[in-house]
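# Descriptive structure summary
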Amino acid sequence: MKFVHRVTSFSARFKKSYEMAVIDSKKQERDEFDELMVHIGVNGKFQLRFNLLFNMLFVLIFSICCFNVYIALTVPGHWCHVPGRNETNYTIEEWKEMNIPKDESGYGFRKCQMYNTTVTYNRTIFEELEEHRSIIDCQHGWEYDTTWYKMTVPTQEDWVCDKELYVANSLFAARAGEALGSLVFGHLGDTMGRRPVLFIAVATMVVGRCLSVLVSGTYYLFLLFCFIGNSSVVTVFVAPLVIGVELSSSEKRSHIAMLQFFGWTGGTCTLTVLAWITGGEWKAMLLVSSLPSLLIFTLHKMFPESPRWLASSGKTAECEKVLSNIAHVNGNTLPENTFTILKKADQAKEGHFGVGSLFSSWRLARNTFLVCSCIVLCHLIYYTVILQVTGMSGNPYLNFFLQAVVEFPGFILGRIISDKLGRRWTQGTAYMLSALCLLLITTVTQAGSLQWLVTSLVVGVKFLITITVYVGYLLNTEIYPICVRQSGSSVGFTGSGTLGVVAPYIAYLGSAVGVNYPYFILAGLALLGAVCSLLLPETLNEKLPETLADAAQFGLNQKFWSLPSRQRGQMKATELKTEEL
């Protein structure tokens, strides 16, 4: 028995030693690749050009195409059409007073009902019959308020009253396409490569948008193309971000994410201008805002495949070609042992199983769950707050524009604080402050004289949630290893798209149950987001995991109350400068 025990013990020690040797070997090979990237330049002209062009300018163009369908599906004010006004000199308001019953508030008019009478030309007769008229559903169609929107999909197809669910179903199809598409395209990005999947995604988005213009008269085809057009929305943002992060130094991660958010917000601001220029005519607006995305195909030679993905996939020759181009633009040359380093990376490449690999270890599964929860919660609060605020009266284009502009300072502050205090403390604190503001709102919503305070607090929540969205987006690209980075980055957006359909129903509770209910729910979600954020490992100044084995250990040595290691970040910066010299 002692002999068997000794043999077993020796075997276990030998196995552990062998595994450690393999891990050390892989780590050495990854360090050699990092040194190779530093040699050709990780903060050079190539990275600057790539990030400004594809992570800001084209993100701006993509975001216009991403949001245009929501404006196209706007339902403006409407009421029953009652024939005969053209034969009189009554204004629209006078005609509505005579033919349309008041709504529950007593100030507006009902949208789906009219008086059952044909004697409407003479006001005296109208007053005599007023008490004897019955109320019926619209008999002759509807009229629409064209002050701001000349024509939208619902006004063109009369998706109101008994067909009002058509709009909700179209938005649901779009979010469902976003959820499923982000998962599929994310997996393809890790198997086919970031570059080809991006161009497929852009083509899918534009084709879906343009074909929806042609099939709006066929409801189910319109749903289909809403689904197709939104299926690649996440990929057109994630693919350039992932490549930008993999090509640049760790100090540039937050900067690249901020460029994307500047493009995102700039695009939403530009969309309102395009909608205003086209007069609110949805077909012209959709085409004008979608077709420019195809310009990326004219610059396909300037969009490289990720060399880290190529190296980890065993595509040595292609990787060397991409690295040579990067080195040339940065004014450097490849070292003589480049091919040897890449061959080692080829031999050390790690197999994976797409999304399933995200749960290959307890640590990676835990971090995946926490990151996805943060993404889902911040987006759910973000869109619900937008729905709460977009009920404001006035110019809808100006309101939408102002809602976008307020995000700029949020992104800037998020970038500054996350680079000082770290990702998890920045996001966790922003979530907690959001919860506090939301709870304060519930105490003053009933006071009419304090509506200015309610508005200020809602804008404050929007500002704070913008910070959580920014940091969540950044963490979503830092927490996963290279082999599943795009798949992992897409999983959170899949959950966001899936649960995002809940946002309108949370907002609906405010009018159906009580004005305070949405804010109570959002406060609870914000507190849950704070917990998830603080349980995540810190990624600032940390070497990102490159393999599943790295991800299984990432963050184990970090203490909960610790702040990011400034010393480690300074040492890395010094090493980079030394290598470049």
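This structure is a prediction, so every number in the text was calculated from the model and none was measured. (Residues numbered from 1 in each chain as written. Predicted model: local features only at pLDDT ≥ 70, side-chain atom pairs only at ≥ 80, totals over all residues. Heavy atoms only, no water.)

Inspection of every chain in the model, using the stated rule, returns 20 aromatic pairs. Plain terms: the ring middles of Phe262 and Phe408 are 5.5 Å apart, the flat faces sit at 70 degrees to each other, and that makes the pair edge-to-face. Of the two residues, Phe262 is situated in helix α10 (residues 253-277) and Phe408 in helix α17 (residues 407-418); the sequence distance between them amounts to 146 residues. Judged by its relative accessible area of 23%, Phe262 falls in the partly exposed class. Cluster of aromatic residues (ring-pair linked, three or more members): Phe50, Phe54, Phe58, Phe62, Phe199, Phe297 and Phe303. In this arrangement the basic side chain of Lys96 is found over the ring face of Trp79, its NZ or CZ atom lying 4.0 Å from the centre. (Phe/Tyr/Trp six-rings, centres within 6.5 Å; stacked < 30°, edge-to-face > 60°. Helix = DSSP H or I, 4+ residues; strand = E, 2+ residues; numbered from the N terminus. Buried < 20%, exposed > 50% of the residue type's maximum accessible area, 1.4 Å probe, protein only. Lys NZ or Arg CZ within 6 Å of the ring centre and 35° of its normal.)

A separate point is helix α13 (residues 316-329). Over its 14 residues, α13 runs 20 Å from end to end, which matches the ideal 20 Å to within 8%, given 1.5 Å per residue. Those residues of α13 lying buried are Thr316, Cys319, Val322, Leu323, Ile326 and Ala327. Buried residues of α13 fall within an arc of 135 degrees about the axis and therefore sit on the same side. The exposed set on the far side of α13, more than 90 degrees from its buried face, consists of Ala317, Lys321 and His328. (Expected span 1.5 Å × (residues − 1). Arc of directions from axis to C-beta.)

The subject of this paragraph is the pattern of salt bridges. Inspection of every chain in the model, using the stated rule, returns seven salt bridges. The shortest N-O distance in the salt bridge between Asp419 and Arg415 comes to 3.0 Å. Note on Asp419: relative accessible area 25%, which makes it partly exposed. Salt bridges here are not isolated pairs; linked through shared partners, they connect Arg415, Asp419, Arg423 and Glu478. (Salt bridge = Lys/Arg side-chain N within 4 Å of Asp/Glu carboxyl O.)

Together, Leu287, Leu291, Leu294 and Phe297 make up an exposed nonpolar region whose accessible area comes to about 300 Å². Within the secondary structure layout, Leu291 lies in the loop between α11 (282-290) and α12 (307-312). Under the relative-accessibility criterion, Leu291 is labelled partly exposed at 42%. (Patch = residues over 30% accessible without salt bridge, like charges linked within 9 Å, V, L, I, M, F, W, Y side chains within 5 Å. Areas by Shrake-Rupley, 256 points an atom, 1.4 Å probe, with all protein chains shown as cover.)

Turning next to unusual backbone geometry. Despite not being glycine, Asp158 has its phi angle at roughly 55 degrees, a positive value. Position of Asp158 relative to the elements: it lies in the loop between α5 (153-157) and α6 (165-191). Its identity is not glycine, yet Cys161 carries a phi of approximately 55 degrees, on the positive side. Relative to the helices and strands, Cys161 is located in the loop between α5 and α6.

All right, on to the state of the cysteines then. Applying the stated criterion across every chain yields a total of two disulfides. Between Cys80 and Cys138 runs a disulfide, and the two sulfur atoms are separated by 1.7 Å. Disulfide Cys80 to Cys138: torsion about the S-S bond roughly -70 degrees, handedness left-handed. Placement of Cys80 in strand β1 (residues 78-80) and of Cys138 in the loop between β3 (135-137) and β4 (142-144) is noted, with a sequence separation of 58 residues between them. Accessibility assignment for this pair places Cys80 and Cys138 in one class, buried. The residue that forms a disulfide with Cys112 is Cys161, at a sulfur-sulfur distance of 2.0 Å. (Disulfide = S-S within 2.5 Å.)

Following the criterion strictly, the structure yields four cavities of 30 Å³ or more and no others. Approximately 330 Å³ is the volume attributed to the largest cavity. Lining the largest cavity are 21 residues, and of these Phe237, Trp264, His379, Tyr383 and Phe493 sit closest to its centre. Per-class residue counts for the lining of the largest cavity are 16 nonpolar, two polar and three charged. Reported here for the second largest cavity is a volume of approximately 50 Å³. Residue lining of the second largest cavity: Trp79, Cys80, Val82, Arg85, Ile92, Trp95, Lys96, Ile100 and Glu143, and that is the complete set. Mapped by element, the contributors of at least two residues to the lining of the second largest cavity are β1 and α3 (92-99). Counting residues per element, the lining of the second largest cavity draws most heavily on α3, at three residues. Here the lining of the second largest cavity is composed, by residue class, of six nonpolar, no polar and three charged. (1 Å grid on protein atoms, 1.4 Å probe; cavity = no way out; pocket = protein on both sides within 12 Å on 5 of 7 lines; lining within 4 Å. Points joined across faces, edges and corners; volume = space filled by probe spheres on them. Nonpolar A, V, L, I, M, F, W, Y, C, P; charged D, E, K, R; others polar.)

Take the environment of Leu453 next. Following the sequence through the fold, Leu453 ends up in helix α19 (residues 451-478). Using a relative accessible area of 26% as the deciding quantity, one classes Leu453 as partly exposed. Along the chain, Leu453 and Ile441 lie twelve residues apart, while their C-alpha atoms are 8.2 Å from each other.

Let us now look at the packing of helix α16 (residues 396-405) against α17. Contact geometry of α16 with α17 gives a least axis separation of 5 Å together with a crossing angle of 10 degrees. Judged by the angle between their axes, α16 and α17 are roughly parallel. On α17, the residues that touch Gln403, Ala404 and Val405 of α16 are Glu407, Phe408 and Pro409. For the contact of α16 with α17, the per-class residue count stands at four nonpolar, one polar and one charged. (Axes fitted to C-alpha atoms, helices over the stretch in contact; angles between N-to-C directions. Parallel < 35°, antiparallel > 145°, perpendicular 65-115°, else oblique. Contact = heavy atoms within 4.5 Å.)

In short, geometric facts, not functional conclusions.
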